[in-house]
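Coordinate inspection notes
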Amino acid sequence: MASSFTAAPRYIHRFSRTERTLHWVHAAAFFVLLASGLVLYVPRLSELVGRRPFVKDVHFDTGLAWMVAIALIVALGDRRGLRNTLRELDAFDRDDRLWLRRIPRPQGRFNAGQKLNAALTASFAVLFAVSGVLLWYGERNNSYRFGSTILLHDGLMYLSLVLLVGHLYLALIYPSTKHALRGITTGSVRRDWARVHHSKWVDEQRLAHPLVDPPGREQE
């Protein structure tokens, strides 16, 4: 009979409530923006849906609501934790560079691929916001009309779709990584899974918190 130590997995806290809220607010806004943007961009969809002025309002208002929500989460949430997260995402070391070359190396709380994805997502968000505001102003003032603005906005949509498909595949389908979805929903992941995929981070947590919860108990 298996012992209680092996029968029940131990969990390790990975994402704070602020981080999880930030992720899901961004995801929800992105899907609304993507759906409404495709309706505006694809003629066939535009014909099927109709009400183009309403869809444009939804698209623009969602963008504004997204920016306000992000600002509120940062202002009211765990700012210190977010600063630490930003430092982790910004730190690329030799292990990360080797990992990107498909050479197995221990990874921190975020692996090198996740760091690149976060950097691209943040960059795209800023470019989407700037180009979107310019397009909106351009419809009201010709001084803000630039030929490259719509090309940038549309190009970002295609690139974002590629990132989204890859992200959803790893989070929902790929067996080795789909357990990570638990971390961004409940906040914790299995310690044995974290040991395989983020061993450097697990070691750091062990040093920082030598006294851990008993096996089978989640650290929420």
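Quick note: structure is the one above.
Description of the structure in this document. (Residues numbered from 1 in each chain as written. Predicted model: local features only at pLDDT ≥ 70, side-chain atom pairs only at ≥ 80, totals over all residues. Heavy atoms only, no water.)

Right, let's talk about the packing of aromatic side chains for a bit. Evaluation of the coordinates by the stated rule reveals six aromatic pairs. A centroid spacing of 4.8 Å and a plane angle of 10 degrees characterise the contact between Phe60 and Trp136, whose relative ring orientation is stacked. Here Trp136 lies in helix α7 (residues 112-138) and Phe60 lies in helix α4 (residues 52-76), a separation of 76 residues in the sequence. Judged by its relative accessible area of 22%, Phe60 is partly exposed. Here the aromatic rings of Tyr169 and Tyr174 are separated by 5.8 Å at their centres, their planes lie at 35 degrees, and the arrangement is tilted. In this structure Tyr169 comes out as partly exposed when scored by relative accessible area, which is 39%. A network of ring pairs unites the aromatic residues Phe60, Trp136 and Tyr137 as a single cluster. (Phe/Tyr/Trp six-rings, centres within 6.5 Å; stacked < 30°, edge-to-face > 60°. Helix = DSSP H or I, 4+ residues; strand = E, 2+ residues; numbered from the N terminus. Buried < 20%, exposed > 50% of the residue type's maximum accessible area, 1.4 Å probe, protein only.)

Moving on: the pattern of salt bridges. For the structure on display, the rule yields 10 salt bridges. Between Asp96 and Lys115 there is a salt bridge, with the nearest N and O atoms lying 2.8 Å from each other. Of this pair, Asp96 sits in helix α6 (residues 94-100) while Lys115 is found in helix α7, placing the two residues 19 residues apart along the sequence. Exposure remark for Lys115: the relative accessible area of 9% places this residue in the buried category. Linked through salt bridges whose partners overlap, the residues forming this network are Asp93, Asp95, Arg105 and Lys200. (Salt bridge = Lys/Arg side-chain N within 4 Å of Asp/Glu carboxyl O.)

Once that is clear, we can look at a nonpolar patch on the surface. Where nonpolar side chains cluster on the molecular surface, the patch consists of Phe31, Leu168, Tyr169, Leu170, Leu172, Ile173 and Tyr174 and spans about 640 Å² of accessible area. Top contributing element to the nonpolar patch by residue count: helix α8 (residues 147-172), with four residues. Along the chain, Phe31 turns up in helix α2 (residues 17-41). (Patch = residues over 30% accessible without salt bridge, like charges linked within 9 Å, V, L, I, M, F, W, Y side chains within 5 Å. Areas by Shrake-Rupley, 256 points an atom, 1.4 Å probe, with all protein chains shown as cover.)

Scope: geometric values only; no functional claims are made or implied.
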